[in-house]
Amino acid sequence: MRSGVRRPPVGDGITAGAIVYCRHYGMPARVMRFDGPFVHLVRPSGLEWRSARIAVRPATAWERKQYRALARLQAQRERGLTAGK
């Protein structure tokens, strides 16, 4: 385990790589890592932020579906941008 990276409290079901919903930003994101009382999150667009652990909860089925749709859209945009070069 790297320095400064901690596991989440046992029993909450959130691990690195999980899709969660951030109540502060009002959107789903993927957990990158844990840092004490904070969670580092990332969106398919590459937007990264840190949120308080208590502001993050496991994503619902609808929120996971929304995240996957955003990931597909971002992949299409990236292909479109690179295809023209």
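What you see is a predicted model; the values in this text were computed from it and never measured.

(A) Fine view of the overall build of the protein. Along its length, the protein carries 1 helix and 5 strands. Listing each helix as α and each strand as β along the protein from the N terminus yields β-β-β-β-β-α. Split into buried and exposed, the 85 residues of the protein put 32% on the buried side. Across the protein, every contact between residues at least 6 apart in sequence was considered, and the portion connecting residues at least 24 apart equals 44%. Summed over its atoms, the accessible surface of the protein is roughly 5,800 Å², and 55% of this surface lies on carbon and sulfur atoms.

(B) Focus on a positive patch on the surface. Together, Arg64, Lys65, Arg68 and Arg72 give the surface a local cluster of positive charge. With respect to the element layout, arginine 72 can be found in helix α1 (residues 61-83). On the basis of relative accessibility, which here comes to 52%, the residue arginine 72 falls in the exposed class.

(C) Highlighting the pattern of salt bridges. In the structure shown here, the tally under the stated rule is 1 salt bridge. A salt bridge links arginine 57 to glutamate 63; the shortest N-O distance between them is 2.8 Å. The exposure class assigned to glutamate 63 is buried, which follows from its relative accessible area of 9%.

(D) The arrangement of the pairing of strand β4 (residues 48-52) in detail. Side chains Trp49 and Ser51 project from β4 onto a buried face, and the interleaved Glu48, Arg50 and Ala52 project onto a face without burial. Here strand β3 (residues 38-42) runs beside β4; their pairing, made up of 5 bridges, is antiparallel. Bridge pairing links phenylalanine 38 to alanine 52 in β4. Connecting the antiparallel pair β3 and β4 is a turn made up of 5 residues, with glycine 46 showing a positive phi of about 100 degrees.

(E) Summary view of the environment of leucine 47. Position of leucine 47 among the secondary structure elements: in the loop between β3 and β4. For the pair leucine 47 and alanine 29, spaced 18 residues apart in sequence, the C-alpha separation works out to 9.3 Å.

(F) Structural context of the sheet that holds β3. Taken together, the 5 strands give an open sheet; going across it, the order is β4-β3-β2-β1-β5, and neighbouring strands pair in antiparallel fashion. What marks the edges here is a single partner per strand, and that holds for β4 and β5 (56-58). Each strand of the sheet is rotated relative to its neighbour by a mean of 50 degrees, with strand direction disregarded.

Cut-offs applied
Residues numbered from 1 in each chain as written. Predicted model: local features only at pLDDT ≥ 70, side-chain atom pairs only at ≥ 80, totals over all residues. Heavy atoms only, no water. Helix = DSSP H or I, 4+ residues; strand = E, 2+ residues; numbered from the N terminus. Buried < 20%, exposed > 50% of the residue type's maximum accessible area, 1.4 Å probe, protein only. Contact = heavy atoms within 4.5 Å. Areas by Shrake-Rupley, 256 points an atom, 1.4 Å probe, with all protein chains shown as cover. Patch = residues over 30% accessible without salt bridge, like charges linked within 9 Å, V, L, I, M, F, W, Y side chains within 5 Å. Salt bridge = Lys/Arg side-chain N within 4 Å of Asp/Glu carboxyl O. Lys, Arg positive; Asp, Glu negative; His and termini not counted. Charge placed at Lys NZ, Arg CZ, Asp CG, Glu CD. Pairing = 2+ DSSP bridges. Axes fitted to C-alpha atoms, helices over the stretch in contact; angles between N-to-C directions.

None of this, on its own, says anything about what the molecule does.
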